[in-house]
Amino acid sequence: MAQKSAPKTTKKTAATKKSSASKNTGPITGPLGDADREITGEVLQDTLLDLIDLHLVAKQAHWNVVGRFFRDVHLQLDELVTAARGYADDVAERSVAIGVSPDGRAATVAKGSGIPDFPADWRTDKQVIESIVDALAEVITRLRKRIDETDKTDLVSQDLLIAIASDLEKSHWMWQAQLA
């Protein structure tokens, strides 16, 4: 029986393997270089936390709203919950697509979200609307900064953030209109 000799490794092949290994820190690889992936991954992670918290705040408000316009506000909160959950999923999946593992655990959200706290008790329809306007304004402000951060790192992620910002800004306007 003839023995097989070990394949020869050229310097180019070794260098390529080392480069690939340093770029891949997990089982999913993506199209971005290390620095761009890191910046974009942080932007997406921070956005994910805000969106998860936004849907939780909206759900808390949904359960505790009272007042003359209860039904309208209650239903509008359901729309916001659905939208925020969908956006969060889109952001998390974009994160995975670039090779970054998203973290949406409750403890992570509690530590990292920038959304104002929402009280645990009953709130009038007007109080809820004011709280949601404030929460949306904060998410939008933070999101717009993140859009700028992705201008040089990943235009695909930036496009996603722009689409989310556009929808949230429309929602913000609709919530504000109720206070006029």
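Preceding this paragraph is the structure being described.
All values reported here derive from a predicted model rather than from experimental measurement.

I would appreciate a short explanation of the overall build of the protein chain in the present structure.
Regarding its fold elements, the protein chain presents six helices and two strands. The order of helices and strands in the protein chain, counted from the N terminus, is α-α-β-α-α-β-α-α. Residues classed as buried in the protein chain amount to 38% of the 180 residues present. If you take every contact in the protein chain between residues at least 6 apart in sequence, the share linking residues at least 24 apart comes to 82%. As presented, the protein chain carries roughly 11000 Å² of accessible surface, and 55% of it is formed by carbon and sulfur atoms.

Can you help me understand the environment of proline 119 in this one?
Positionally, proline 119 belongs in the loop between helix H4 (106-112) and strand S2 (123-124). Sequence separation between proline 119 and serine 131 is 12 residues; the distance between their C-alpha atoms is 9.5 Å.

How should I be thinking about the packing of helix H2 (residues 34-64) against helix H5 (residues 125-149) in this particular structure?
The packing of two helices is summarised by the inter-axis angle and the distance between the axes. Across the interface, H2 lies against H5 with an axial gap of 10 Å and an inter-helix angle of 170°. The angle between H2 and H5 falls in the class roughly antiparallel. Residues Ile39, Val43, Asp46, Thr47, Asp50, Leu54, Val57, Ala58 and Ala61 of H2 lie in contact with H5, whose contacting residues are Val128, Ile132, Ala135, Leu136, Val139, Arg142, Leu143, Arg146 and Glu149. Looking at the contact of H2 with H5 residue by residue, the classes come out as 12 nonpolar, one polar and five charged.

How should the nonpolar core be read in this particular structure?
It is characteristic of soluble globular proteins that their nonpolar side chains tend to be buried jointly. Leu54, Leu77, Val128, Ile132, Ile164, Leu168 and Trp175 are the most contacted members of the largest nonpolar core, which totals 41 residues. Apart from residues lying up to four places away in sequence, leucine 168 is in contact with Leu51, Leu54, Tyr87, Leu136, Val139, Ile140 and Leu143.

Scoring rules and cut-offs
- Residues numbered from 1 in each chain as written.
- Predicted model: local features only at pLDDT ≥ 70, side-chain atom pairs only at ≥ 80, totals over all residues.
- Heavy atoms only, no water.
- Helix = DSSP H or I, 4+ residues; strand = E, 2+ residues; numbered from the N terminus.
- Buried < 20%, exposed > 50% of the residue type's maximum accessible area, 1.4 Å probe, protein only.
- Contact = heavy atoms within 4.5 Å.
- Areas by Shrake-Rupley, 256 points an atom, 1.4 Å probe, with all protein chains shown as cover.
- Axes fitted to C-alpha atoms, helices over the stretch in contact; angles between N-to-C directions.
- Parallel < 35°, antiparallel > 145°, perpendicular 65-115°, else oblique.
- Nonpolar A, V, L, I, M, F, W, Y, C, P; charged D, E, K, R; others polar.
- Core = buried A, V, L, I, M, F, W, Y, C linked by side-chain atoms within 4.5 Å.

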